[in-house]
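Each chain, letter by letter, is given below.
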Amino acid sequence: MLKKVNRLDYFTLMVLIGLVELKNGSAVANKLHTTQSKVSRALNCLREVLDDELFIRQKYGFEPNSVALRIYPMAQTILEQYDKMISTTRNSVVAPYQLKVAAHEQWSMMVLNCVTHQCYCVEGGVNVNVLPWSDTVSEQLCQGKIDCSISIEPIRHEMVDDVNIGDITHFFLVARVGHPILTSADPLADIFDYKIGLVNSNWHNNKPHRIEEYAHEQGINIQVALKSPSLRMVIDHVSKSDDVCVLNSAVAYEYFEGREDVGFVDVSAQWRDLIEQQPESYFLHCHRSVTPKLAQCMAKLLTEKLIDIQGHYESSKGETSPLLDMA
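Parameters and conventions
- Residues numbered from 1 in each chain as written.
- Predicted model: local features only at pLDDT ≥ 70, side-chain atom pairs only at ≥ 80, totals over all residues.
- Heavy atoms only, no water.
- Helix = DSSP H or I, 4+ residues; strand = E, 2+ residues; numbered from the N terminus.
- Buried < 20%, exposed > 50% of the residue type's maximum accessible area, 1.4 Å probe, protein only.
- Core = buried A, V, L, I, M, F, W, Y, C linked by side-chain atoms within 4.5 Å.
- Contact = heavy atoms within 4.5 Å.
- Salt bridge = Lys/Arg side-chain N within 4 Å of Asp/Glu carboxyl O.
- Polar contact = N/O pair within 3.5 Å; in protein donor to acceptor, adjacent residues only side chain to side chain.
- Phe/Tyr/Trp six-rings, centres within 6.5 Å; stacked < 30°, edge-to-face > 60°.
- Pairing = 2+ DSSP bridges.
- Arc of directions from axis to C-beta.
- Axes fitted to C-alpha atoms, helices over the stretch in contact; angles between N-to-C directions.
- Parallel < 35°, antiparallel > 145°, perpendicular 65-115°, else oblique.
- Left-handed = near helix turned anticlockwise from the far one by under 90°.
- Nonpolar A, V, L, I, M, F, W, Y, C, P; charged D, E, K, R; others polar.

**Section: unusual backbone geometry**
Stage number 1. With phi around 60 degrees, Lys23 is a residue other than glycine that occupies positive phi space.
Stage number 2. Here Lys23 is to be found in the loop between α2 (10-22) and α3 (25-31).
Stage number 3. A positive phi angle, near 70 degrees, is found at Leu54, a position not held by glycine.
Stage number 4. Topologically, Leu54 is positioned in the loop between α4 (36-50) and β1 (55-58).

**Overview of the environment of His216**
Stage number 1. Note that His216 resides in helix α9 (residues 210-218).
Stage number 2. Residue classification places His216 among the exposed residues on the basis of a relative accessible area of 68%.
Stage number 3. Spatially, the C-alpha atoms of His216 and Tyr10 are 57 Å apart, while their sequence positions differ by 206 residues.

**Thoughts on the nonpolar core**
Generally speaking, nonpolar side chains in soluble globular proteins are found buried as a group.
Stage number 1. Core analysis: the largest hydrophobic core is formed by 66 residues, its most contacted members being Trp107, Ile191, Leu247, Phe256, Leu284 and Leu302.
Stage number 2. A per-element tally of this core places helix α13 (residues 292-316) first, with 10 residues.
Stage number 3. If sequence neighbours within four positions are ignored, Phe256 has contacts with Phe172, Val174, Ile235, Leu247, Val262 and Phe264.

**What about the pattern of salt bridges?**
Stage number 1. In total, this model carries 14 salt bridges according to the counting rule given.
Stage number 2. The partner of Glu63 in a salt bridge is Lys23, with the nearest N and O atoms 3.2 Å apart. Pair noted here: Glu63 is in strand β2 (residues 61-64) and Lys23 is in the loop between α2 and α3, with a separation of 40 residues, a long-range link.
Stage number 3. For Lys23, a relative accessible area of 14% corresponds to the buried category.

**Some words on the side chain of Asn24**
Stage number 1. For Asn24, the position within the fold is in the loop between α2 and α3.
Stage number 2. Residue Asn24 is classed as buried on the basis of its relative accessible area, which comes to 8%.
Stage number 3. Separated by 2.9 Å, the side chain of Asn24 and the backbone nitrogen of Ala27 make a polar contact.

**Section: the packing of aromatic side chains**
Stage number 1. According to the stated counting rule, one finds 14 aromatic pairs in the structure shown.
Stage number 2. Look at Tyr253 and Phe264: their rings are 5.9 Å apart centre to centre, the planes differ by 70 degrees, and that puts the pair in the edge-to-face class. With Tyr253 in helix α11 (residues 253-256) and Phe264 in strand β11 (residues 262-266), this pair connects stretches of sequence that are 11 residues apart.
Stage number 3. The class for Tyr253 is buried, based on a relative accessible area of 9%.
Stage number 4. Owing to a relative accessible area of 34%, Phe264 belongs among the partly exposed residues under this scheme.
Stage number 5. Clustering of aromatic rings is evident, with ring pairs tying together Phe172, Tyr253, Phe256, Phe264 and Tyr313.

**Quick word on the pairing of strand β12 (residues 281-287)**
Along any regular strand, the residues point their side chains to alternate faces of the sheet.
Stage number 1. The element β12 is largely enclosed, with a buried count of seven among its seven residues.
Stage number 2. The side-chain alternation of β12 yields two buried faces, one formed by Ser281, Phe283, His285 and His287 and the other by Tyr282, Leu284 and Cys286.
Stage number 3. Relative to β12, strand β5 (residues 148-151) is paired through four bridges, and the arrangement is antiparallel. Bridge pairing in β12 places Ile150 opposite Leu284.
Stage number 4. Here strand β6 (residues 160-167) runs beside β12; their pairing, made up of seven bridges, is antiparallel. Bridge pairing in β12 links Asn164 to Phe283.

**Here we look at helix α10 (residues 231-239)**
Stage number 1. Those residues of α10 that sit buried are Leu231, Val234, Ile235, Val238 and Ser239. The buried residues of α10 occupy an angular sector of 135 degrees when the element is viewed end-on, so they sit on one face.

**Focus on the packing of helix α6 (residues 105-118) against α13**
Stage number 1. The geometry of α6 relative to α13 is characterised by a closest axis approach of 10 Å and an angle of 125 degrees between their N-to-C directions. Taken as axis vectors, α6 and α13 run oblique relative to one another. Handedness of the crossing formed by α6 with α13: right-handed. Taking contact as the criterion, the partners of Trp107, Met110, Val111, Cys114, Val115 and Gln118 in α6 are, on α13, Met298, Leu301, Leu302, Lys305, Leu306 and Ile309.
Stage number 2. Considering only residue class, the contact of α6 with α13 consists of 10 nonpolar, one polar and one charged.

Here it is in structure tokens:
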């Protein structure tokens, strides 16, 4: 038996831990920077040495059985001891934690700055790889191919933790300077007289924008001129046309703050009265393989940053918002 156990090397135990956490062979191969065939060989080795199937093949990957779940914390402890041995005999600097985050344009720099300049919970620091948003982000996150994402809807998957980092409290209409909507007495009614530009805030299941849902509920004809994940693109579009864009959240404010070619109307109060009585929230989604301290630190920093952004906008109006309390 001892001879068989000797086959359980560092890499093989890493595969065991990866399959328990990610439940997907290709995701484990990607995380370990190796090939799926090597992951398969390591799994076969585990099964032979431990004389158990360990994982049950499912439609989209592997499900650990009770034996694998009992062995998992033991393998973690062994690898921790390996790492301590290496760090004890090596004087080199600890390598930064590699974090893959998918985020919309308006969140990308915020995530990068918060984690890179303010997060000190991980020895060696964190290298952030910010990936563009796509309609496959949720799937990649559940498979462990990316570590974190930010959206306005919980993912609700057993391998993903959804953390509410704050409510969307502000709503704006933005149009070219001189546009009639900017002086309208009822801008949320008059906006439907124009073509509308929208920012895709959630592509999951092709969910429509809330103003599209509202128009459908009220039987109002709505003309959508443009949908884009890029705030900057939508604002640039309306600056050169008679279209009007709808922007959610104070996070959007910095994209038109100080621009001389567009103006804006704050319709937050009317929006809450007519369209969105229950505010939507931003969620940080973290795969459970992410170090818990790092996930908690990111949630805290992003919540604080969102409050700062909302406060900045309110102070620019010369008033204090009663809606800065976070959910």
